[in-house]
Amino acid sequence: MRDYNTFEFALDGGLGLQLTDNLFIQARYILGLTEISRNAQAKNSVFQLSAGILF
């Protein structure tokens, strides 16, 4: 029997900024709402940064 959850609920939010006609940056935060394990009180949390070029 597994002691970790294979499914999770989460909330996410983020912002994006187009710097020029061709360049953009984005930031996002994801907060897990469910426990990742039955034996530990821990939740996932992710912070993402990205940048890109538009063609």
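Predicted model, so just to flag it, every value in this text is computed and none were measured. (Residues numbered from 1 in each chain as written. Predicted model: local features only at pLDDT ≥ 70, side-chain atom pairs only at ≥ 80, totals over all residues. Heavy atoms only, no water.)

Trainee: Hey, could you run me through the packing of aromatic side chains in this one?
Mentor: Each pair of aromatic rings is reported with the distance of its centres and the angle of its planes. Evaluated as defined, the whole model comprises one aromatic pair. Both rings, one in Phe7 and one in Phe9, keep their centres 5.2 Å apart while their planes meet at 90°; by these two values the pair is edge-to-face. The pair Phe7 / Phe9 is uniform in exposure class, with both members exposed. (Phe/Tyr/Trp six-rings, centres within 6.5 Å; stacked < 30°, edge-to-face > 60°. Buried < 20%, exposed > 50% of the residue type's maximum accessible area, 1.4 Å probe, protein only.)

Trainee: Teacher, can you tell me more about the pairing of strand S2 (residues 23-32) here?
Mentor: Along any regular strand, the residues point their side chains to alternate faces of the sheet. Of the pairings in the sheet, the one linking strand S1 (residues 10-18) to S2 comprises nine bridges and is antiparallel in character. Its bridge partner being in S2, Gln18 is matched across the sheet by Phe24. Between S1 and S2, which follow one another and run antiparallel, lie four residues. One ladder, built from nine bridges, connects S2 with strand S3 (residues 45-53); its direction is antiparallel. Bridging from a neighbouring strand, Leu31 pairs with Ser45 of S3. (Pairing = 2+ DSSP bridges. Helix = DSSP H or I, 4+ residues; strand = E, 2+ residues; numbered from the N terminus.)

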